[in-house]
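Chain residues, written in single-letter form:
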Amino acid sequence: MTQIGTDLTTAKQLLERGEVVGIPTETVYGLAANALEPDAVVKIFGVKNRPSFDPLIVHTDSLEKVASFVEDIPAPARLLAERFWPGPLTLLLPKKPLIPDLVTSGLDTVAVRVPNHPLTLELLRALSFPLAAPSANPFGYISPTTARHVADQLGDQVPYILDGGACRVGIESTIIGFTETGPVVYRLGGMALEQIEAVTGPLSVRDHSTSNPKAPGMLSSHYAPRKPFVLKPVEELLARYAPERIGALAFQHISPLIPSENQQFLSPAGDFAEAAKNLFAAMRQLDALDIDVIAAELLPEQGLGRAVNDRLRRAAA
Ligand code: AMP
Ligand code: MG
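**Describing the overall build of the protein**
Next up, step 1: Check the secondary structure of the protein and you find 11 helices and 15 strands.
Next up, step 2: The globule rule puts the C-alpha radius of gyration for 317 residues at 20 Å, and the 19 Å found for the protein is close to it.
Next up, step 3: The buried share of the protein, taken over its 317 residues, is 56%.
Next up, step 4: Looking at the protein alone, contacts between residues at least 24 apart form 66% of all its contacts between residues at least 6 apart.

Spelled out as structure tokens, the structure:
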């Protein structure tokens, strides 16, 4: 069985022995292992049931340490790192051979990030190696934003979960890659595009694709509850389902058409950051109800609303 606690020494010792540990970050909880040790990294894929074509993000505590395992930090990457780390921004950089191919699914770039969580930063500072860590959920399911979420789903396979409270940002990091024509967005996430573009200028966004899984982790179906999840107004579902069989995930307002206990709303004040923070926990609560379908509403396409909508669309795919 797993143990949940705040003991950094326990977490450190397990990681040094090549075990996996649940760690808090400001985005979502991660399932961490020694990024330089293939025998440790392979356990992450096993516990998550994650296909090996989906590469992992490597976490460390400083740009100096990043320089020890990447070949090059292009000028725009350095600018973004200096401006936004620690924070919900991941950069794709050319890897040194030191990073096992398993971590990058054979790609020659490695995804790196300095997470902004005091407990995890302290752990990373104490370790002599970086941590590979994807979200700590079974592959394809809703990402965890509390230690309890991790324990509920992976508890029997993870010896220790470091409890850092509820995640402040609540959705995964924004991922930026660097091409010959400039920076490109690989995944929308916890850092709003507008903020990044203020540094880089206008950015293009890569398409998701299931047919080309080497455009990794951008699988079009992801973050999904087990219940049917649709982007439709409640009204439309009433033709097929009784009101008490319908759940709803709304931005600001609850619907008078179905029972209030079947509903979650992300931010009564209409705040995108609050909506992102509440998103995955709300999806989990709805998924646990005795209902047949969940109707979700998209947010306006701006700021973090875009990243929330990206998760909602993929949950519905
Ligand atoms: P997760 O931590 O579960 O959100 O998954 C990490 C995600 O980072 C993957 O699913 C990919 O989308 C992305 N990623 C990691 N490494 C790379 C890379 N070298 N190139 C493109 N995307 C990457
Ligand atoms: Mg994930």
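**Re helix α7 (residues 147–154)**
Next up, step 1: Burial of α7 is extensive: 6 of the 8 residues sit out of reach of the surface.
Next up, step 2: Every buried residue of α7 is listed here: Ala 147, His 149, Val 150, Ala 151, Gln 153 and Leu 154.
Next up, step 3: For α7, the secondary structure elements touched by its buried residues are β1 (3–5), β3 (30–34), α2 (38–48), β8 (160–162) and α10 (272–287).

**A few points about the environment of Lys 12**
Next up, step 1: Relative to the helices and strands, Lys 12 is located in helix α1 (residues 8–16).
Next up, step 2: Judged by its relative accessible area of 26%, Lys 12 is partly exposed.
Next up, step 3: For the pair Lys 12 and Ala 126, spaced 114 residues apart in sequence, the C-alpha to C-alpha distance is 7.8 Å.
Next up, step 4: Residues within four places of Lys 12 in sequence aside, it is in contact with Leu 123, Ala 126 and Leu 127.

**A short note on the nonpolar core**
Next up, step 1: One finds Val 66, Trp 85, Leu 89, Leu 91, Val 112, Leu 249 and Leu 279 to be the most contacted residues of the largest nonpolar core, which totals 75 residues.
Next up, step 2: Per element, the largest residue contribution to this core is 8 residues, and it comes from α10.
Next up, step 3: Aside from chain neighbours lying at most four places away, what touches Leu 279 is Ile 171, Leu 249, Leu 266, Val 308, Arg 311 and Leu 312.
Next up, step 4: Core analysis: the next-biggest nonpolar cluster, separate from the first, contains 16 residues, Leu 8, Val 21, Phe 129 and Leu 162 among them.

**A short note on the packing of helix α4 (residues 75–84) against helix α8 (residues 193–200)**
Any two packed helices are characterised by the angle at which their axes cross and by the distance between the axes.
Next up, step 1: Two elements in contact, α4 and α8, have axes whose closest approach is 10 Å; the angle formed by their N-to-C orientations is 130°. As judged from the angle between their axes, α4 and α8 are oblique. As α4 runs across α8, the sense of the crossing is right-handed. Two secondary-structure elements touch here, α4 through Leu 79, Leu 80, Arg 83 and Phe 84 and α8 through Gln 195, Ile 196, Val 199 and Thr 200.
Next up, step 2: Split into classes, the residues belonging to the contact of α4 with α8 amount to 5 nonpolar, 2 polar and 1 charged.

Thresholds, definitions, all that
- Residues numbered from 1 in each chain as written.
- Chains lettered and ligands numbered in written order.
- Predicted model: local features only at pLDDT ≥ 70, side-chain atom pairs only at ≥ 80, totals over all residues.
- Heavy atoms only, no water.
- Helix = DSSP H or I, 4+ residues; strand = E, 2+ residues; numbered from the N terminus.
- Rg over C-alpha atoms; globule rule 2.2 N^0.38 Å.
- Buried < 20%, exposed > 50% of the residue type's maximum accessible area, 1.4 Å probe, protein only.
- Contact = heavy atoms within 4.5 Å.
- Core = buried A, V, L, I, M, F, W, Y, C linked by side-chain atoms within 4.5 Å.
- Axes fitted to C-alpha atoms, helices over the stretch in contact; angles between N-to-C directions.
- Parallel < 35°, antiparallel > 145°, perpendicular 65-115°, else oblique.
- Left-handed = near helix turned anticlockwise from the far one by under 90°.
- Nonpolar A, V, L, I, M, F, W, Y, C, P; charged D, E, K, R; others polar.

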